[in-house]
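Residues per chain are reported as follows:
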Amino acid sequence: MFWAAHSTKDPLASSDSFPVDATGQVPTPSATGGTDAADFDRVEISVDGVAMVRLLGPQDRLLGTLERTYPGVQVHVRGNEVTLSGDAAQVQAARRLVEELVEMVRNGADLAPSDVETGAQIIDTNAGSPAEMLSQAILTSRGKSIRPKTLGQKNYVDAIDENTIVFGIGPAGTGKTYLAMAKAVQALQRKEVERIILTRPAVEAGERLGFLPGTLTDKIDPYLRPLYDALNEMMDPEIVPKLLASGTVEVAPLAYMRGRTLNNAFIVLDEAQNTTPEQMKMFLTRLGFGSQMVITGDVTQVDLPNGASGLQLVTRVLDDMEDIHFARLTSADVVRHTLVGRIVDAYTKFDAERQVARFEKHNPDSDGTSGNRAERRGHAPQDNQRSARPDNKRWGR
């Protein structure tokens, strides 16, 4: 056993790892502004065989995340002893989370704040074991494991395993393309497919780059650079050029897909929000035998001049089709800098407010109280009556 826990309902049972006040006495729950003694609990966990820095994170960053996740719990660490005290229900949830985090560390996972938050979410919703759900690495490259880090990402990866075509839709930083490429490399290594095809539309992001020198490959490479970068992270950089030269791995713009049938391949379409409806239909109909497709994109970042996105349309056309899954990720699944999630939420709120303002501007009577112009002036509307004068129109000369 690598950990041991001791729980007591008596807040005065031991003061070795419990905070004391200025007089050296252990404060009672009421004295610290906590819950009643009946709802108070304290748990001591002894962690063995695990480096505490891996469990707590650099500068105790994960410890701070744990305290923010369960605000009713005070966490104290001394050596390899972790003491949780506070609200009984939150203490028990925090205890289980610590146990799961210890198991994840023992499985070789490098913990991040998102693991703490996602683990708490899994525990609170009784969705299963965080250690089992978040410790399963898709790939291991250069000592770094690639794995889902949020519940939404885990569901996304599971959907790729269970469906032929999967759409990963969500904001920037949610790992849509990165996880899809990891699954593609995994499928190639397991010999489930014979080749990997990575593609994206060559659309400028709101600016004109002008004439680009060089061959056609030189011109389109800047648009495909993110795919090359991810590929080099997941595979040996010395092997990647050989796989590209042999056609085992192909990175090409979407325009190159027309007229082809893609058999025994794992195909990833990135930046799908910049496909037109016609391009999306063309791409989906390239699917051949033994192949699998993952389409990723962010419907809030469309760079097309006319704004008609094939990704937005396909969610309505194919939403109920069997063997096609739409995985929708949110700001809660962002695994970049913590500011990225807040930026996504801020823009989402701004766009929603702008849409409401635009709707009210073009629909002034939408609330049902404005009435017509005559009613707004305080006059009763008059019926449009035909003139009583005889019709003098001539029907012929």
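These numbers come from a predicted model, not from an experiment.

Analysis parameters
Residues numbered from 1 in each chain as written. Predicted model: local features only at pLDDT ≥ 70, side-chain atom pairs only at ≥ 80, totals over all residues. Heavy atoms only, no water. Helix = DSSP H or I, 4+ residues; strand = E, 2+ residues; numbered from the N terminus. Buried < 20%, exposed > 50% of the residue type's maximum accessible area, 1.4 Å probe, protein only. Contact = heavy atoms within 4.5 Å. Areas by Shrake-Rupley, 256 points an atom, 1.4 Å probe, with all protein chains shown as cover. Patch = residues over 30% accessible without salt bridge, like charges linked within 9 Å, V, L, I, M, F, W, Y side chains within 5 Å. Salt bridge = Lys/Arg side-chain N within 4 Å of Asp/Glu carboxyl O. Phe/Tyr/Trp six-rings, centres within 6.5 Å; stacked < 30°, edge-to-face > 60°. Pairing = 2+ DSSP bridges. pLDDT = per-residue confidence, 0-100. Axes fitted to C-alpha atoms, helices over the stretch in contact; angles between N-to-C directions. Core = buried A, V, L, I, M, F, W, Y, C linked by side-chain atoms within 4.5 Å.

Participant: Just give me the short version of the overall build of the protein chain, but keep the residues and values in it.
Facilitator: Within the protein chain, the secondary structure is distributed over 13 helices and twelve strands. Counting across all 397 residues of the protein chain, residues that qualify as buried make up 43%. Sequence-distant contacts, at least 24 apart, represent 70% of the contacts inside the protein chain between residues at least 6 apart. For the protein chain, the accessible area works out to roughly 22800 Å², and carbon and sulfur atoms hold 49% of it.

Participant: How would you explain a nonpolar patch on the surface if you had to name every residue and give the values?
Facilitator: Nonpolar side chains collect at one region of the surface, where Leu 339, Ile 343 and Tyr 347 lie side by side and expose about 320 Å² of accessible area between them. Relative to the helices and strands, Tyr 347 is located in helix 12 (residues 338–362). Looking at Tyr 347, the relative accessible area reads 55%, which means it is exposed.

Participant: Can you lay out the packing of aromatic side chains for me, pointing to particular residues and giving the numbers?
Facilitator: The final tally for this structure, using the stated rule, is one aromatic pair. Between the aromatic rings of Phe 167 and Phe 326, the centroid separation amounts to 4.5 Å while the plane-to-plane angle is 10°, which identifies the pairing as stacked. Here Phe 167, found in strand 7 (residues 165–169), pairs with Phe 326, found in strand 12 (residues 324–328); they are 159 residues apart in sequence, far enough to count as distant. The exposure class of Phe 326 is buried, given its relative accessible area of 9%.

Participant: Account for unusual backbone geometry, with residues named and values stated.
Facilitator: Its identity is not glycine, yet Asp 60 carries a phi of approximately 55°, on the positive side. Along the chain, Asp 60 falls in the loop between helix 1 (52–56) and helix 2 (61–69). By relative accessible area, Asp 60 is classed as partly exposed at 40%. Positive phi outside glycine occurs at Lys 191, with the angle close to 60°. When you line up the elements, Lys 191 lands in the loop between helix 7 (176–189) and strand 8 (195–200).

Participant: Quick one: what's the story with the pairing of strand 7, residue by residue and with numbers?
Facilitator: For strand 7, the tally of buried residues reaches five of five residues, placing the bulk of the element in the interior. Neither face of strand 7 is exposed, since Ile 165, Phe 167 and Ile 169 on one face and Val 166 and Gly 168 on the opposite face are all buried. Strand direction decides the pairing type here: strand 7 and strand 11 (residues 292–297), joined by five bridges, are parallel. Across the sheet, the residue bridging to Gly 168 is Thr 296, located in strand 11. As defined by bridge partners, strand 7 adjoins strand 12 across five bridges and the pair is classed as parallel. The residue bridging Gly 168 from the neighbouring strand is Ala 327, located in strand 12.

Participant: Tell me about the confidence of the model for the protein chain, residues and numbers included.
Facilitator: Averaged over all residues, the pLDDT of the protein chain equals 80, while 77% of them reach at least 70. Low pLDDT, under 50, characterises residues 10–28; the predicted model gives this stretch 29 contacts beyond four residues in sequence or across chains. In this model, residues 370–377 is a region of pLDDT below 50 whose contacts with residues beyond four sequence positions or in other chains number ten contacts.

Participant: Kindly report on the environment of Arg 195, identifying the contributing residues and their values.
Facilitator: Looking at the secondary structure, you find Arg 195 in strand 8. Residue classification places Arg 195 among the partly exposed residues on the basis of a relative accessible area of 22%. The sequence separation of Arg 195 and Ser 246 amounts to 51 residues, and the corresponding C-alpha distance is 9.9 Å. Residue contacts for Arg 195: discarding those within four places in its chain leaves Leu 188, Gly 247, Thr 248, Glu 250, Arg 260, Thr 261, Leu 262, Asn 263, Asn 264, Ala 265 and Phe 266.

Participant: Summarise the pattern of salt bridges; cite the residues concerned and give the values.
Facilitator: Applying the stated criterion across every chain yields a total of twelve salt bridges. One salt bridge in this structure joins Arg 200 and Asp 270, with 2.7 Å as the shortest N-O distance. On the criterion of sequence distance, the pair formed by Arg 200 in strand 8 and Asp 270 in the loop between strand 10 (265–269) and helix 10 (277–284) is long-range, its members being 70 residues apart. For the pair shown, Arg 200 and Asp 270 are each scored as buried.

Participant: Could you give an account of the sheet that holds strand 10, naming the residues involved and the relevant values?
Facilitator: Ordered in space as 9-8-10-11-7-12, the six strands form an open sheet in which the pairing is parallel. Unpaired on one side and paired on the other, strand 9 (249–253) and strand 12 mark the two borders of the sheet. Along the sheet, successive strands turn relative to each other by an average axial angle of 15°, direction set aside. Where strand 8 meets strand 9, five bridges bridge the pair, whose relative direction is parallel. Bridge pairing in strand 9 places Thr 199 opposite Ala 252. Strand contacts of helix 7: strand 7, strand 8, strand 9, strand 10 and strand 11, with the helix running at about 170° to strand 10, the strand carrying the most contacts.

Participant: Provide a residue-level description of the nonpolar core, including the pertinent values.
Facilitator: Judged by nonpolar contacts, the single largest core of 35 residues is most densely connected at Tyr 156, Leu 198, Leu 231, Met 234 and Phe 266. Of all the elements in the fold, those that place two or more residues in this core are helix 6 (151–162), helix 7, strand 8, helix 8 (216–234), helix 9 (240–246), strand 9 and strand 10. Looking at this core, the element that brings in the most residues is helix 7, giving eight residues. Every residue in contact with Tyr 156, bar those within four places of it in the chain, is listed here: Val 166, Gly 168, Gly 175, Lys 176, Leu 179, Ala 180, Val 294, Thr 296, Ala 327 and Leu 329. Counting 34 residues, the second-largest nonpolar core is a separate cluster that includes Val 50, Leu 84, Ala 120 and Leu 151.

Participant: Before we move on, could you go through the environment of Arg 68 and cite the residues and values that matter?
Facilitator: Locating Arg 68 in the fold gives a position in helix 2. Look at Arg 68 and you get exposed, because its relative accessible area is 61%. Between the C-alpha atoms of Arg 68 and Glu 117, which are 49 residues apart in sequence, the distance is 9.4 Å.

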